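Chain residues, written in single-letter form:
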Amino acid sequence: MSLAKVKTGIRYAMLALISALMVFPFIWMFLISIKPKNEIYSGSILPSAFHFENYLRVFTDTKMLLYLWNSIYVSLIIIAFQIITAIFAAYVFTVMRKKWVQFCFVLILATYMLPSAVTYIPSFILLSKVNLLDTHTGYILSEFISIFAIFFLRQSFMQVPKDVIDAAKLDGAGHLRLIFTVYIPYCKNAIASLVLITFIYSYNNYMWPSLLIKSEENMFVTIGLRRLFMSQAGYGMDFPLAMAACAISLLPMLILLAMASKRIIHSMANLYVNK
Amino acid sequence: MSSITLKSLTKQYTEDKSTLDHISLEIKDKEFLVLLGPSGCGKSTLLRMIAGIEEITQGEVYIGDAYVNEVEPKDRGVAMVFQNYALYPHMTVFENMAYGLKIKKVKRAEREKRIKAAAEMLQIDSLLKRYPSQLSGGQKQRVAIGRAIVKEPKVFLMDEPLSNLDAKLRNEMRIEIKKLHERLDSTFIYVTHDQVEAVTLGDRIAIMAEGKFRQIGTPLEIIECPVDMFVASFISSPPINYVDAVLVNQQGRAFVDIDGVRVETSMPIDVVENHPRVVAGIRPEHCFITDETSNTFAMEVLFTEIIGTDVLLHLTYKGSDFIVKKSFTKTYEKGQKLYVGLDASNVNVFDKNTQKNVRSLS
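Criteria and cut-off values
Residues numbered from 1 in each chain as written. Chains lettered and ligands numbered in written order. Predicted model: local features only at pLDDT ≥ 70, side-chain atom pairs only at ≥ 80, totals over all residues. Helix = DSSP H or I, 4+ residues; strand = E, 2+ residues; numbered from the N terminus. Buried ≥ 20, exposed ≤ 12 C-beta atoms within 10 Å, placed from the backbone. Contact = placed C-beta atoms within 7 Å. pLDDT = per-residue confidence, 0-100. Nonpolar A, V, L, I, M, F, W, Y, C, P; charged D, E, K, R; others polar. Pairing = 2+ DSSP bridges. Expected span 1.5 Å × (residues − 1).

Turning next to the environment of Phe59(A). All names here are of chain A. As for its placement among the helices and strands, Phe59 is situated in helix α2 (residues 53-61). Given 14 C-beta atoms within 10 Å, Phe59 falls into the partly exposed group. Through-space distance from the C-alpha of Phe59 to that of Arg177 is 46 Å; in sequence the pair is 118 residues apart. Not counting residues within four places of it along the chain, the set of residues in contact with Phe59 comprises Met64 and Leu65.

A residue-level look at chain B finds 99% of positions with pLDDT of 70 or above and a mean pLDDT of 89. For this predicted complex, the interface confidence reaches an ipTM of 0.82, while the overall pTM sits at 0.80.

To continue, consider the interface of chain A and chain B. Taken residue by residue, the interface counts 14 residues in chain A and 16 residues in chain B. Only α8 (162-171) and α9 (175-186) of chain A provide two or more residues apiece to the side of chain A that touches chain B. Considering each element in turn, the side of chain A that touches chain B owes the most residues, 7 residues, to α8(A). For the side of chain A that touches chain B, the class distribution of residues is 8 nonpolar, 1 polar and 5 charged.

Okay, unusual backbone geometry next. Residue and element names in this part refer to chain B. Of the consecutive residues Ser237 and Pro238, the connecting peptide bond is found in the cis state with omega at 0°. Phi at Ser8 is positive, roughly 50°, even though this residue is not glycine. Along the chain, Ser8 falls in strand β1 (residues 4-12). Here Gln123, not a glycine, exhibits a phi torsion of approximately 55°, which is positive. Tracing the backbone shows Gln123 in the loop between α3 (108-121) and α4 (137-149).

Moving on, we come to the pairing of strand β4 (residues 58-63) of chain B. Residue and element names in this part refer to chain B. Relative to β4, β1 runs antiparallel, the two being bridged by 5 bridges. Pairing of Lys7 across the sheet is with Glu60, part of β4. Pairing between β4 and strand β5 (residues 66-67): 2 bridges, direction antiparallel. Pairing of Ile63 across the sheet is with Ala66, part of β5.

Between its first and last C-alpha atoms helix α4 (residues 99-112) of chain A spans 20 Å; for 14 residues at 1.5 Å apiece the expected length is 20 Å, and the two agree. Judged by how many residues are buried, α4(A) sits mostly at the surface: 0 of 14 residues are covered.

Let us now look at the environment of Glu172(B). With respect to the helices, strands and loops of the structure, Glu172(B) is situated in helix α5 (residues 167-184). For the pair Glu172(B) and Leu162(B), spaced 10 residues apart in the sequence, the C-alpha separation amounts to 10.0 Å.

Following this line, the structure appears as structure tokens:
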């Protein structure tokens, strides 16, 4: 066997190991979700009987479906707003090379360096003044603009060759047409991965929504899952039910990933690998 | 009318240095003008200012009789072909060509008609459904030219359109661009750093250096009588030979005397009196190898370079290189002694200090 083959072998073994480590918690979660309650602490990996009815109980015994719906629709609205605002902002910061515009960009980036926890209290006070605490509107408003998205799109907008832009200008394209027929199609992979990143962030967001949202009917998956654990803490946790709920909460993201994985890999490679 | 007038055009990126320095030029209707110069001389910037995609620091641009400084690029009636094609990668060839027409609200049938005609002219009609990534370099450039043609512009601007192509393709496309100019009846402005392209394509050539014109003229004028040593070097390939010389008045006739070798020139005699010490520029193709030992230079062969059916003899003369071009009929040994004679009429003489052509100073 040649050295190159050994090297490839080692590389694959390492990747397999790391992948296994990453996948294991998910497999464990799934296995617990189908175990009978008394087998949780038994130490056996495989359950003695498969209890898929835990998944049905998630929908009948808990309000997971409502939480899921809240999370998904709010996340989708946030994505839409964040991407639209980021596209326009990124366009301005890419095209206008005036000093004061670039200064604004630096200023905006600087606020990104603030730890988000610092913004909780002022944001909370602001939202309370306009009576938007414990509402989805309030949450959406506070997540309306993403500095990361602006930065991310600006980076990918800058990859569009200047000559292509000039050619479009000579063809008569104005700002909007440039954005919609040149920049967006050119950066569709970046936008697709931004959609995914934004969705994951927004769907996963726990701390800020947990401060903002108090009423049951407005709750998101993250808060709902925590309540599921908390509510039963008194009389022995229903781990299989909680794990089934966790597994279900993963589904939207898995579906999104399956749909967009190719584009994401593509755009990450474009963004971070020197060509 | 699509003449172009540039009045004192200036471009400054930084305050202390001008990329273009008060450029003035008249380009006639339907003329093929080549902007020739080394990279960084401002020729592309000039082209982009005419197109309207580069801000003008100072000066005026007229297309026809219209003052266009404030006119949007799309309304100037110009089309541009870029060095790296600048095709829209997410559109098919057809869509690439249709893009500008759609914006101009050209009717669908008319659009299709124009694209079909241009595609046939450029032999890309079989490629219309492909994407740019599926095309070769030459095909991409044809599409880029097609995208310009369908707009039926008054002025074509071409920014080194052939420099990304390989040598063979470049020769083919050069001829096609020439034909295109004849067929389209438009004004062409063509930027290049390749003097072969410049002389084959241009009705006139404007040679630029450091943001200024050095010489503007027909290819023949520039080759026959370059205004200074920069132009002479730039337009000459293989490189021109420079040798120290003196001008001599021999019974009222002007002679160039290079170390005793004398050739007569048609120079006015007062120039001879004013510029005794000069540099003679001798093109490699204006020399010949001879057995004659009088009024010739004795040189030694350094090496030979065969170019197709011609040969470049790299010789040494008084310690510096001297190149002679002749047809490849014979091989030469390194160190071989040769006698080189000069074609009398083709020697240009430059002032040693100012590097200007002595003839143009008279």
